[in-house]
Amino acid sequence: MSDTLSIDTPAAPDTEALRARVREAIRSVPDFPKEGILFRDITPVLADAELFRAASALHHSHVADLAEQVDVIVGMESRGFLFGPILAQQLGAAFVPARKPGKLPAATVEERYALEYGENALQMHADAFAEGARVLVVDDLLATGGTAAATGRLIERLGGTVLAYLFLIELDFLNGREVLGGARVEAVLHF
Ligand SMILES: O=P(O)(O)OC[C@H]1O[C@H](OP(=O)(O)OP(=O)(O)O)[C@H](O)[C@@H]1O
Ligand SMILES: Nc1ncnc2[nH]cnc12
C-alpha cells in the first residue's frame, strides 16, 4: 500500500490491490448471530491502521464526485458510526446519526424495518438537518436493504433528499439495492 494514501485523498493508482487487501481482511463467521447467516466481520480491517485508512480512502473514492453537493452524511447505529464521520470530514459535510430506539434525547421520528437476521427500528432527531438538505447515507454493509431503506424514509420524512447510499460491503445475493427505490448505490466490495 502507498505510504502516502490519506483519508483526505481519493485512493491511489494501486486501488485494486488495496481493495483486495481490505477484502481479504474481512472475516467470515458462519452462523452468527443466527444459524444460516454468514457474518462479514469488519473488525480486522478496523484493527489494522493501514487497512482502515485504505478502506476509508476507497469509500471516499466512490463518492468524491458528490463533494460539492452533499450537505449531510447520515450514518446508522452502530457500524455506520465507524465510517460516516470520517467521510463527513473528508467531504466537508455534517454528520447526523440514525440511532436505535431510546438513545436520542430530543424529539425523534422513527421507522421500523426488518434486516437479514431480525427486526428493529431507527430514530433520528426531528431537527437533525434543515429542510431541503442533500444527504449521503453511509453504512458498513448492505444486506437486505431494510436498514438503509428505513433510513431513507426517515430522511424523506425530515424533508431531505437522498443523493446516494454508500457501503463498504454489498451482499449481492440479497438484492438489497432493489428496495432503495432506484437511488444511486455505491459499494467498495461485493460478496
Ligand atoms: O441490509 P440489512 O439486512 O438491513 O442489514 C444491514 C445492517 O445490518 C447491520 O447492522 P445491525 O443491525 O446488525 O447493527 P450493528 O451495526 O449495531 O451491529 C449492518 O451494519 C447494517 O446496518
Ligand atoms: N451477513 C452479514 N454480515 C454482517 N453484517 C450484516 N448485517 C446484515 N447481514 C449481515
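Everything quoted here is computed from the prediction, not taken from an experiment.

J.: A description of the UniProt feature "domain: Phosphoribosyltransferase" (unreviewed entry) in the protein chain should follow, citing residues and the corresponding values.
T.: UniProt marks residues 53-161 with the feature "domain: Phosphoribosyltransferase" (unreviewed entry), using the numbering shown here. Within residues 53-161, the helical portion is 32% and the strand portion 33%, while the C-alpha atoms at the span's ends are 29 Å from each other.

J.: I'd like a description of the site of ligand 2, backed by residues and values.
T.: As a structural note, the neighbourhood of ligand 2 is formed by Ile 37, Leu 38, Phe 39, Arg 40, Arg 79, Glu 116, Tyr 117, Leu 141, Ala 143 and Leu 171. Measuring from a nitrogen atom of ligand 2, one finds a side-chain N or O atom of Glu 116 at 2.4 Å. For ligand 2, a nitrogen atom lies 3.1 Å from a polar atom in the side chain of Tyr 117. Against a free-state accessible area of 260 Å², the protein chains account for coverage of 94% of ligand 2. Per element, the largest residue contribution to the shell around ligand 2 is 3 residues, and it comes from strand β2 (residues 38-41). Of the residues belonging to the shell around ligand 2, the class tally is 7 nonpolar, no polar and 3 charged.

J.: If you had to explain the nonpolar core to someone new, which residues and values would you point to?
T.: Among the nonpolar cores identified, the biggest contains 30 residues, and Val 22, Ile 73, Leu 87, Leu 91 and Leu 136 are the most heavily contacted of them. Elements with a contribution of two residues or more to this core: α1 (15-25), α3 (49-63), α4 (80-91), β7 (134-142), β8 (161-170) and β9 (185-190). If you tally residues by element for this core, the top one is α3, at 5 residues. Residues within four places of Ile 73 in sequence aside, it is in contact with Gly 84, Leu 87, Ala 88, Leu 91, Ala 93, Ala 94, Phe 95, Val 96, Leu 136 and Val 138.

J.: Account for unusual backbone geometry, naming residues and giving values.
T.: In the segment running from Phe 32 into Pro 33, the intervening peptide bond is cis, with an omega of -5°. Note on placement: Pro 33 falls in the loop between β1 (27-30) and β2. Backbone geometry at Asp 31 places phi at a positive 60°, although glycine is not the residue there. Following the sequence through the fold, Asp 31 ends up in the loop between β1 and β2. A relative accessible area of 47% means that Asp 31 is categorised as partly exposed. The backbone phi angle of Asn 175 is positive, close to 55°, even though this residue is not glycine. Structurally, Asn 175 is set in the loop between β8 and β9.

J.: Would you mind going over α3 in detail, with residue names and values included?
T.: Taking 1.5 Å as the rise per residue, α3 with 15 residues should run 21 Å; its terminal C-alpha atoms sit 22 Å apart, in good agreement. Along α3, the residues classified as buried are Leu 51, Ala 54, Ala 55, Ser 56, Ala 57, Leu 58, His 59, His 60, His 62 and Val 63. Between a side-chain oxygen at the N-terminus of α3 and the backbone nitrogen of Glu 50 the separation is 3.0 Å; the capping residue is Asp 48.

J.: Let's hear about the site of ligand 1: which residues, and what values?
T.: Taken together, 16 residues surround ligand 1, and among them Tyr 117, Asp 139, Asp 140, Thr 144 and Thr 147 come closest. Within the side chain of Lys 100, one N or O atom sits 3.2 Å away from an oxygen atom of ligand 1. Backbone polar atom of Glu 116 to an oxygen atom of ligand 1: 3.0 Å apart, as the coordinates give it. For the shell around ligand 1, the leading source of residues is β7, giving 4 residues.

J.: Outline the pattern of salt bridges, listing residues and values.
T.: By the definition in use, this model includes 11 salt bridges. Two residues, Arg 19 and Glu 16, come together in a salt bridge whose shortest N-O distance is 3.4 Å. Note that Arg 19 and Glu 16 are positioned in helix α1 at a spacing of 3 residues, about one turn of the helix. Judged by relative accessible area, which is 17%, Arg 19 ranks as buried.

J.: Summarise the packing of α1 against α3; cite the residues concerned and give the values.
T.: It is at 10 Å that the axes of α1 and α3 come closest, and there the two elements cross at 120°. The pairing of α1 with α3 is recorded here as oblique in orientation. As for how α1 packs across α3, the hand of that crossing is left-handed. Residues Thr 15, Leu 18, Arg 19, Arg 21, Val 22 and Ala 25 of α1 form the contact with α3, whose participating residues are Glu 50, Leu 51, Ala 54, Ala 55, Leu 58 and His 62. Looking at the contact of α1 with α3 residue by residue, the class counts come to 7 nonpolar, 2 polar and 3 charged.

What counts and how
- Residues numbered from 1 in each chain as written.
- Chains lettered and ligands numbered in written order.
- Predicted model: local features only at pLDDT ≥ 70, side-chain atom pairs only at ≥ 80, totals over all residues.
- Heavy atoms only, no water.
- UniProt positions renumbered as here; feature names shortened; annotations may be inferred.
- Helix = DSSP H or I, 4+ residues; strand = E, 2+ residues; numbered from the N terminus.
- Near = heavy atom within 4 Å.
- Polar contact = N/O pair within 3.5 Å; in protein donor to acceptor, adjacent residues only side chain to side chain.
- Areas by Shrake-Rupley, 256 points an atom, 1.4 Å probe, with all protein chains shown as cover.
- Nonpolar A, V, L, I, M, F, W, Y, C, P; charged D, E, K, R; others polar.
- Core = buried A, V, L, I, M, F, W, Y, C linked by side-chain atoms within 4.5 Å.
- Buried < 20%, exposed > 50% of the residue type's maximum accessible area, 1.4 Å probe, protein only.
- Contact = heavy atoms within 4.5 Å.
- Expected span 1.5 Å × (residues − 1).
- Salt bridge = Lys/Arg side-chain N within 4 Å of Asp/Glu carboxyl O.
- Axes fitted to C-alpha atoms, helices over the stretch in contact; angles between N-to-C directions.
- Parallel < 35°, antiparallel > 145°, perpendicular 65-115°, else oblique.
- Left-handed = near helix turned anticlockwise from the far one by under 90°.

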